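# Examining the three-dimensional arrangement
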Amino acid sequence: MNYDKVLASPVVSIPPSGIRRFFDVASTMQGVISLGVGEPDFVTPWNIREASIHSIEHGRTHYTSNHGMPELRELICEYLSRRYGVRYDLSSCLVTVGASEALDLAFRALLNPGDEVLIPAPSYVSYAPCVTLAHGIPVAVPTYEEDAYALRADVLESFLNERTKAVILPYPNNPTGGIMTRPQIDAVTRVLSGRDVVMIADEIYSELTYGGTHESFAKGMEDRTILINGFSKAFAMTGWRLGYACGPKPLIDMMVKIHQYTMLCAPVMAQTAGIEALKDALSSDFAQVRAMRNAYNRRRLLIYEGFKDMGLPVFEPRGAFYIFPSIRETGMTSEQFCERLLKEGRVATVPGNAFGDAGEGHIRCSYAASTDNIMESLRRIRVFLNHLN
Amino acid sequence: MQLTQEILTLLQQDSTLSPKAIAQMTGSDEETVRAEIERLRDEGVILGYTIRINTEKSPIPTVEAMIEVKVSPQRDLGYNDIARRIYKFPEVESVFLMSGAYDLAVKIQAPTMQAISAFVWEKLAVLDGVTGTATLFIMRKYKENGTILVEDEVPERLVITP
Ligand SMILES: Cc1ncc(COP(=O)(O)O)c(C=O)c1O
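First things first, this report covers the structure right here in the doc.

Definitions and limits used
Residues numbered from 1 in each chain as written. Chains lettered and ligands numbered in written order. Predicted model: local features only at pLDDT ≥ 70, side-chain atom pairs only at ≥ 80, totals over all residues. Heavy atoms only, no water. Near = heavy atom within 4 Å. Polar contact = N/O pair within 3.5 Å; in protein donor to acceptor, adjacent residues only side chain to side chain. Areas by Shrake-Rupley, 256 points an atom, 1.4 Å probe, with all protein chains shown as cover. Nonpolar A, V, L, I, M, F, W, Y, C, P; charged D, E, K, R; others polar. 1 Å grid on protein atoms, 1.4 Å probe; cavity = no way out; pocket = protein on both sides within 12 Å on 5 of 7 lines; lining within 4 Å. Points joined across faces, edges and corners; volume = space filled by probe spheres on them. Helix = DSSP H or I, 4+ residues; strand = E, 2+ residues; numbered from the N terminus. Domains from an automatic or database assignment. Buried < 20%, exposed > 50% of the residue type's maximum accessible area, 1.4 Å probe, protein only.

Taken together, 14 residues lie near the ligand, and Ala99, Ser100, Asp202, Ser232 and Lys233 of chain A sit nearest. Proximal residues around the ligand fall on chains A and B, making this an inter-chain site. In the model, a nitrogen atom of the ligand is placed 2.6 Å from a nitrogen or oxygen of the Asp202 of chain A side chain. In this structure, Arg241 of chain A approaches the ligand through a side-chain N or O atom, which is 2.7 Å from an oxygen atom. In isolation the ligand exposes 400 Å². Once the protein is present, 95% of that is buried. Partitioned by chemical class, the residues of the shell around the ligand number 6 nonpolar, 5 polar and 3 charged.

Residue and element names in this part refer to chain A. Inspection of every chain in the model, using the stated rule, returns 2 cavities of 30 Å³ or more. Approximately 60 Å³ is the volume attributed to the largest cavity. Elements supplying a minimum of two residues to the lining of the largest cavity: helix H11 (268–283) and helix H12 (287–310). Counting residues per element, the lining of the largest cavity draws most heavily on H12, at 4 residues. Grouping the constituent residues of the lining of the largest cavity by class yields 9 nonpolar, 2 polar and 1 charged. For the lining of the largest cavity, the domains that each give at least three residues are domain 1 (3–44 + 287–388) and domain 2 (46–283).

Our next topic: unusual backbone geometry. Residue Pro122 of chain A is reached from Ala121 of chain A by a cis peptide bond, and omega for that bond is 0°. Position of Pro122 of chain A among the secondary structure elements: in the loop between strand E3 (116–121) and helix H7 (127–133). With an omega of -10°, the peptide bond running from Tyr171 of chain A to Pro172 of chain A counts as cis. Structurally, the position occupied by Pro172 of chain A is in the loop between strand E5 (164–169) and helix H9 (182–192). Located in the positive-phi region is Ala320 of chain A, a residue other than glycine, with phi close to 60°. By the secondary structure assignment, Ala320 of chain A is in the loop between H12 and strand E9 (322–323). Relative accessible area serves as the criterion here: at 0%, Ala320 of chain A is assigned to the buried category. One non-glycine residue with positive phi stands out, namely Asn145 of chain B, at about 50°. Tracing the chain through its elements places Asn145 of chain B in the loop between strand E5 (143–144) and strand E6 (147–148). Under the relative-accessibility criterion, Asn145 of chain B is labelled exposed at 64%.

What follows is the structure, encoded as structure tokens:
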């Protein structure tokens, strides 16, 4: 059989993942410290695990409603309202298999072939391929270090045209650690007002901001925002695969239509865990989330000071758990740098260009790692840099 | 106040952290941290720096027991006098006055079970004011001072993920 002939062209057109290639090299090596992991190093808090185990023991093993369990959706709506002042009701909330599924559903519900989706760059690796798979055209909108990687309204405006269907708003940002302040958000929403352009806000890192509570794009903009969030980062629940989307009912209804045929529902065990996660957080003033955030914050400051000490130009990240130093002055590309740092320095990081061309000249380091590992990898990177000179 | 709490929390997890590392992690400066640690030492908040040992893996033979001690408190002296007579013994690791069915909880460490029995019979039970003891040997430790001591979770994250 001629396989090239049977494969769908959007899939074939997607280049292989830069992260995957690094993973293959790094995972065969001994003695490597990894700053390449995009997930919490904490294990899911025990009360959450225990609640899920209990429910399995009591036979909760069936499909749930397509939308997700009503109790969970109620808690999600209450959480969004209390925490971020965002108001969606139960019927506008869909529980998904991770934020990942919610993103995919949003693209598939919105895009006709040729529709453009504006994506601030650098940002998370999945947006552009998922837009392509939904027959849309991903368009990178650059963000700049001098703007602390916030999306600039005037830059965004210059990319808007009649094919623009949606804008992804990925803040706090992976890989830069940039966030958006309320005035910056307002400037962006002003540019979009009066246009039929949907805001897709991926706020999966909303609990991880340092020095102020997260500002949501959806606040006051509920009628034009698909707000995507999940449990992976805030509650250290990556493996459970639990996320959600809230948005205007006509859009969510169409997303549910896809979800009910392709997924049926998110895993019931994960949904039960999500109920416990939100219940506990809402009744304890987010004690466990706060403890994890405080731990990330210490590591953030440690790694930021470490890179500054080395003389690498680095922007102080304000959210998520990534830092994005520039390695331009070494004269290497980010891939060359990461490859040599891995082989010679035994530290795994992710080359910035994995997050789009805008990330070239940088490396992404995750500080979701123990302080010991952060200190040791900083030492190794310093030695590596000294050897270069 | 916040800095004080952070210093104590961090040192309690890892007392080998340098003032510089603590300063970086708390967004403070090294001199301030150094001075604060010194103040905490002077005021007796920080009593010392030590290591935590998993006695089951340690080459030093150790047996531990909790001893519930019933006492008759003395006029004017209350429990303090009898507690003092007990905590002065070097093999006694901790002494707490408890609410409930008995009065003092004594934790003791010795190289052998015999040594602990001997201590209870020869030194503790015979003290004036001690009316009864119950010795509970620790058979296995699962968690101590916040540290899980048994094989537990081995979180396996992939080396690189998006
Ligand atoms: C920005 C961003 N969005 C979405 C995801 C995926 O989240 P989930 O685990 O909920 O699918 C990630 C995971 O790394 C991410 O970094």
